[in-house]
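Close look at the chain arrangement
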Amino acid sequence: MHWPGFNADGALLLPLEKRDLLAADMPLRLRLDGLVLEQKHELHVTLLNHATASVVLDRLDPPAVADAFAAFDWRIIPTQRYALVHKTKDEWDGPLQAWAVIEHLQMPAFAAFRDRLARASGLALDCGIPHVTLYVAGDPAGIGLPDLATWRACFVREVGGDEVRRRAVPGPTRR
């Protein structure tokens, strides 16, 4: 995988193809726990959010971060393990209830990359939770899970695969 660079907001995101993660039997809108969530328009794994990237770049230059990225195999394996997460976001006009369904990913490079940056910068970066946000409600951008503490605070429940896939409609039976 090639170096994605920091985006305009200063975050380090690994773009993902929707076709690799959203199977044909996954609906555009998902009804779950009284919510209607919509498929996210673009998919990515957040390696470093804006705030974390900013602190890292105070200690390391961008080429050092790019070199750390290049040292790893960025293979991504979907797990078909999902979770419902919730966060109340402070917005300019008051609190916003944001919900998301994420898929956990197997991504050994994720924790190793963050560990390498922590060691090189002297910062306390935890291993994080490798995931992709598939469905959102309340905020189309998702909710942001930059570290383990945020993950724990936002976790609502595990979501079964049968809850995110359309149920097959039985066809006519042959006799």
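Rules used in this analysis
- Residues numbered from 1 in each chain as written.
- Predicted model: local features only at pLDDT ≥ 70, side-chain atom pairs only at ≥ 80, totals over all residues.
- Heavy atoms only, no water.
- 1 Å grid on protein atoms, 1.4 Å probe; cavity = no way out; pocket = protein on both sides within 12 Å on 5 of 7 lines; lining within 4 Å.
- Points joined across faces, edges and corners; volume = space filled by probe spheres on them.
- Core = buried A, V, L, I, M, F, W, Y, C linked by side-chain atoms within 4.5 Å.
- Buried < 20%, exposed > 50% of the residue type's maximum accessible area, 1.4 Å probe, protein only.
- Helix = DSSP H or I, 4+ residues; strand = E, 2+ residues; numbered from the N terminus.
- Contact = heavy atoms within 4.5 Å.
- Pairing = 2+ DSSP bridges.
- Axes fitted to C-alpha atoms, helices over the stretch in contact; angles between N-to-C directions.
- Salt bridge = Lys/Arg side-chain N within 4 Å of Asp/Glu carboxyl O.
- Phe/Tyr/Trp six-rings, centres within 6.5 Å; stacked < 30°, edge-to-face > 60°.

Points about the layout of surface pockets
Of the pockets and cavities examined, the largest pocket occupies roughly 590 Å³. Along its surface, the largest pocket is lined by 31 residues, and Leu13, His44, Thr46, Ala141 and Gly144 are the ones closest to its centre.

Quick notes on the nonpolar core
When a protein is soluble and globular, its nonpolar side chains tend to lie buried together. In this structure, Leu47, Trp74, Val101, Phe113, Leu117 and Leu134 are the most contacted members of the largest nonpolar core, which totals 40 residues. For this core, the element with the most residues is helix α4 (residues 108-121), which contributes five residues. Those residues in contact with Leu47, other than ones at most four positions away along the chain, are Leu12, Leu14, Phe69, Trp74, Met107, Phe110, Phe113 and Arg114. Of all hydrophobic cores here, the second largest spans 12 residues; its members include Ala83, Ile129, Leu145 and Trp151.

Looking at the sheet that holds strand β5 (residues 77-91)
Judged by pairing direction, the sheet is antiparallel, and its six strands sit side by side in the order β2-β3-β7-β6-β5-β8 without closing on themselves. Looking at strand neighbours, the two that pair on one side only are β2 (29-32) and β8 (155-159), the edges of this open sheet. In this sheet, neighbouring strand axes are inclined to one another by 30° on average, regardless of whether the strands run parallel or antiparallel.

Notes on unusual backbone geometry
With a phi angle near 50°, Asp33 is a residue other than glycine that sits in the positive phi range. Mapped onto the elements of the fold, Asp33 is located in the loop between β2 and β3 (35-39). Even without a glycine there, the phi angle at Gln80 is positive, about 60°. Positionally, Gln80 belongs in strand β5. The exposure class assigned to Gln80 is exposed, which follows from its relative accessible area of 52%.

A few points about the pattern of salt bridges
By the definition in use, this model includes 10 salt bridges. Within the structure, one salt-bridge network assembled from shared partners comprises Asp33, Arg157 and Glu163.

Topic: the side chain of Lys40
Mapping Lys40 onto the fold places it in the loop between β3 and β4 (43-48). With a relative accessible area of 4%, Lys40 lands in the buried category. Not counting the four nearest positions on each side in its chain, Lys40 is found in contact with Lys18, Thr133, Leu134, Tyr135, Val136, Pro140, Ala141 and Gly142.

Describing the packing of aromatic side chains
The full count for this structure, using the stated rule, is seven aromatic pairs. Ring plane angle 85° and centroid distance 6.2 Å describe the contact between Phe69 and Phe113, whose orientation is recorded as edge-to-face. Here the residue Phe69 occupies a position in helix α3 (residues 62-70), and Phe113 occupies one in helix α4, the gap between them amounting to 44 residues. Each member of the pair Phe69 and Phe113 is classed as buried. For the pair Phe72 and Trp74, a centre-to-centre distance of 6.4 Å together with 80° between the ring planes defines the contact as edge-to-face. Of the two residues, Phe72 and Trp74, both sit in the buried class. Feature note: the residues Trp3, Phe6, Phe69, Phe72, Trp74 and Phe113 constitute an aromatic cluster, connected by ring pairs.

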